[in-house]
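So you can see what is in the structure, the chains are spelled out below.
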Amino acid sequence: MAPRKTPHSPVSALIGALHFLPKAHIAAAGLIALATAALLVLVPSERVEAKRTALEIPLDIDPDAFSPHLVTAVAEDEPDWREVQIRRGDTLATVFRRLSLDPGDVHAVAVADEDTKALTRLQIGNTVAVALDEAGSLSKVKYSPSPTETYLYESAGPEAGFTSHHLVAEPERVPVVRATNIRSSLFLDAETIGLSHAQIMELAGIFAWDIDFALDLREGDTFSVLYEEEFLDGQKIGNGDILAARFTNQGKTFVAVRFVEPDGTVGYYTPEGRPMRKAFLRAPLDFTRVSSNFNPRRLHPIFKTVRPHNGIDYSAPRGTPIYAAGNGKVVRSGYSGPNGNFVAIQHGGRYMTKYLHLDRRNVKAGETVKQGEVIGTVGATGYATGPHLHYEFLVDGVHRDPKTVDLPKAEPIPARRMAEFTKGSQALLAQLDSLAVAPVALRD
C-alpha cells in the first residue's frame, strides 16, 4: 500500500518552493513581501475609508459636543448677497424693485433708517446689497457710501422689524510727498505724479489767493505736497487731505500748512501763522486759458482801435461758473450794449470788482454775496468775440491789475494759539522736507 501523501498548506508549499531558488532571489522576495504587508496595514481600502469618514461626523451630531476645529467645519455659510448699483434718480423703492423685493420691505427698512437716513442719500455709483433667508424673505441690507463706512440693517424677526448698525473702519494712514515741476499745466503735471483731481483742485484752492493758476504759471515752477494715503486691509482706498504744501511760482515760494480750529474748522496758514485765505481771490473762476492780460494800450479786437483794457479776459467754455472774488454787496446787475450781462460788487469802502459778458446773472442789485459764491456764468454777450469773462479790479475808483494788486491781509492766528500752531506746523514741514524727493522732470 502506497504511503498517503500529507496535504500541504499554501504556506508550506511556498517554503518548499523556496529551496529551489537562489539566495539572491529569496532575499528579493522577502523584501517584496514585507512592503506588501506594510501597505495592507497602513492604507485602508476605499470601502474602509468611506466607513471611517461616515463614523467620524455622523449626521445627527451635536456640534457643541465637538472640539472647536470640528465645529468650524460645520459652521453656517455667509449669506448670499445680491447687489445693485445706484443710478441717477434712484431711491430705495426703485432699488428694491430691481431686486424683485416686496414693497413692504422698503417701509420696514426705512423705519430702521430713520436715525441715520443714509438710505435717503444714495450716491450714484455706490451699491446696495441684500441677503435673503432660507424662506426667501429679506434678511439683511447693506449700503456702503465709502470704503470705510457701512450701514447694515438686519431683520430681527417677522414682527420685530429691522435693526440698524453704523460701521466705520479706521484706515491705516501713511504720509507721502509728491513733487514735480510745471511743464504744461498744473492739472496735467500733478496728475502725472499721482494726485487725484480732488487733490489738484484742493492744491489750487490753497494758493488761490496768491497765485492765479490761469495766468501766473510758468514752465519750471515747482511744487511739493504732503498728504496721507489711506489703506484698508492692505489695499489703498484713497488719499487724505493735504497737510502741507510748497509752491514756487516765478521764483517766489509760498508755503502752507493745515491747521484745525477748536470748533473743527480747517484752514491753511503760512509758517508764521497768517491765513492763506485773504479778502480777495486772485482769479474769480477755476484756472483756464487766459486770452488777454491787463493792458491799458490794447488794440480792441472788434473796433481795431487802441482802447484801455482795464482788466483780464479769461477764455472759458460757455456756462463756466464765475465766483465772487470777495465778500461784498452787489451794486449793479444788468445789461448794456458793450458789457452784455454784467455784475459789479462793492467790497467795503475801497474795493470794487466787475464781471462782464456773462451768459447768465445769478444775483441782483442789493444782495450780499460771500467770497466764492457763484454770481453768474461765462458767456459772450455784448461786444465779445467769443465766450470769456472780462474781470476788473478797482481800488478807490482806479483800475488796477488784478494779478499784481496788493490784497488786504487777513488776521493771523491769535497769540494764545500760536504755540500749538507752531509745534504742529514745524512737524508737518519737517515731514514735507524729509520725505520730499527731487521734482520729477516730466517727459515731453
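Residues numbered from 1 in each chain as written. Predicted model: local features only at pLDDT ≥ 70, side-chain atom pairs only at ≥ 80, totals over all residues. Heavy atoms only, no water.

1. Focus on helix α6 (residues 103–112)
Reasoning step 1: Within α6 the residues assigned to the buried category are Asp-105, Val-106, Val-109 and Ala-112. Along the long axis of α6, the arc covered by the buried residues comes to 130°, so they all point the same way. Exposed residues pointing more than 90 degrees away from the buried face of α6 are listed as Pro-103 and His-107.
Reasoning step 2: Buried residues along α6 sit in contact with α5 (92–98), β3 (138–146), β4 (149–155) and β5 (162–168).
Reasoning step 3: At the N-terminal end of α6, a side-chain oxygen is found 2.7 Å from the backbone nitrogen of Gly-104, two or three residues along, and the residue is Asp-102. (Buried < 20%, exposed > 50% of the residue type's maximum accessible area, 1.4 Å probe, protein only. Helix = DSSP H or I, 4+ residues; strand = E, 2+ residues; numbered from the N terminus. Arc of directions from axis to C-beta. Contact = heavy atoms within 4.5 Å. Polar contact = N/O pair within 3.5 Å; in protein donor to acceptor, adjacent residues only side chain to side chain.)

2. Some thoughts on helix α9 (residues 418–434)
Reasoning step 1: Taking 1.5 Å as the rise per residue, α9 with 17 residues should run 24 Å; its terminal C-alpha atoms sit 24 Å apart, in good agreement.
Reasoning step 2: The set of residues buried in α9 consists of Phe-421, Ser-425, Leu-428, Leu-429 and Leu-432. When α9 is viewed along its axis, its buried side chains cluster within an angular range of 100° and face the same direction. For α9, exposure combined with an orientation more than 90 degrees from the buried face picks out Ala-419, Lys-423, Gln-426 and Ser-434.
Reasoning step 3: At its buried positions, α9 is contacted by β6 (172–181), β7 (222–232), β8 (235–249), β9 (252–260) and β10 (266–269). (Expected span 1.5 Å × (residues − 1).)

3. Digging into the pairing of β8
Reasoning step 1: When β7 meets β8, the two strands line up antiparallel, connected through 10 bridges. What sits directly across from Glu-229, in β8, is Asn-239.
Reasoning step 2: In sequence, β7 turns back onto β8 through a hairpin of 2 residues, with Asp-233 there showing a positive phi of about 55°.
Reasoning step 3: As consecutive antiparallel partners, β8 and β9 are separated by 2 residues, and within that stretch Gln-250 has a phi angle of approximately 50°, a positive value. (Pairing = 2+ DSSP bridges.)

4. Things to note about the nonpolar core
Reasoning step 1: Formed by 27 residues in total, the largest nonpolar core has its most connected members in Tyr-314, Val-343, Ile-345, Tyr-355, Ile-375, Leu-389 and Phe-393.
Reasoning step 2: At the level of secondary structure, the elements contributing two or more residues to this core comprise β12 (312–315), β15 (340–347), β16 (351–361), β18 (374–378) and β19 (388–395).
Reasoning step 3: Of the residues forming this core, the biggest block, 4 residues, is contributed by β19.
Reasoning step 4: Core analysis: the next-biggest nonpolar cluster, separate from the first, contains 24 residues, Ile-182, Ile-211, Ala-256 and Tyr-268 among them. (Core = buried A, V, L, I, M, F, W, Y, C linked by side-chain atoms within 4.5 Å.)

5. Considering the packing of aromatic side chains
Given two aromatic rings, one states the distance between the centres and the angle between the planes to describe the pair.
Reasoning step 1: For the structure shown, the criterion picks out 10 aromatic pairs.
Reasoning step 2: Between Phe-213 and Phe-247, the aromatic rings sit 5.4 Å apart at their centres with planes inclined by 75°, giving edge-to-face as the arrangement. In this pair, Phe-213 sits in the loop between α8 (197–206) and β7 while Phe-247 sits in strand β8, placing the two residues 34 residues apart along the sequence. With respect to class, Phe-213 is no different from Phe-247; both count as buried.
Reasoning step 3: Here the aromatic rings of Tyr-355 and Tyr-391 are separated by 5.4 Å at their centres, their planes lie at 35°, and the arrangement is tilted. Separated by 36 residues along the polypeptide, Tyr-355 in strand β16 and Tyr-391 in strand β19 bring together distant segments of the chain. No difference in accessibility class separates Tyr-355 from Tyr-391, as the two residues are buried.
Reasoning step 4: Through a chain of ring-to-ring contacts, the aromatic side chains of Phe-207, Phe-213, Phe-223 and Phe-247 assemble into a single cluster.
Reasoning step 5: The ring of Trp-81 has Lys-142 lying over it, and the distance from NZ or CZ to the ring centre is 4.3 Å. (Phe/Tyr/Trp six-rings, centres within 6.5 Å; stacked < 30°, edge-to-face > 60°. Lys NZ or Arg CZ within 6 Å of the ring centre and 35° of its normal.)

6. Notes on the sheet that holds β4
Reasoning step 1: In space, the 5 strands of this open sheet follow the order β1-β2-β3-β4-β5, with antiparallel pairing throughout. Each end of this open sheet is capped by a strand with a single partner; those strands are β1 (81–85) and β5. On average, adjacent strands in this sheet sit at an angle of 20° to one another, irrespective of strand direction.
Reasoning step 2: In terms of strand pairing, β3 meets β4 through 5 bridges, oriented antiparallel. If you follow Lys-140 over to β4, its bridge partner there is Glu-154. (Axes fitted to C-alpha atoms, helices over the stretch in contact; angles between N-to-C directions.)

7. Looking at the pattern of salt bridges
Side-chain pairs of opposite charge can arise where the charged atoms are in close proximity.
Reasoning step 1: Scanning the entire structure with this criterion turns up 14 salt bridges.
Reasoning step 2: For Glu-229, the salt bridge is made with Lys-236, and the minimal N-O distance between the two is 3.1 Å.
Reasoning step 3: Its relative accessible area of 11% is what places Glu-229 among the buried residues.
Reasoning step 4: A salt bridge links Asp-241 to Arg-258; its shortest N-O distance comes to 3.1 Å. (Salt bridge = Lys/Arg side-chain N within 4 Å of Asp/Glu carboxyl O.)

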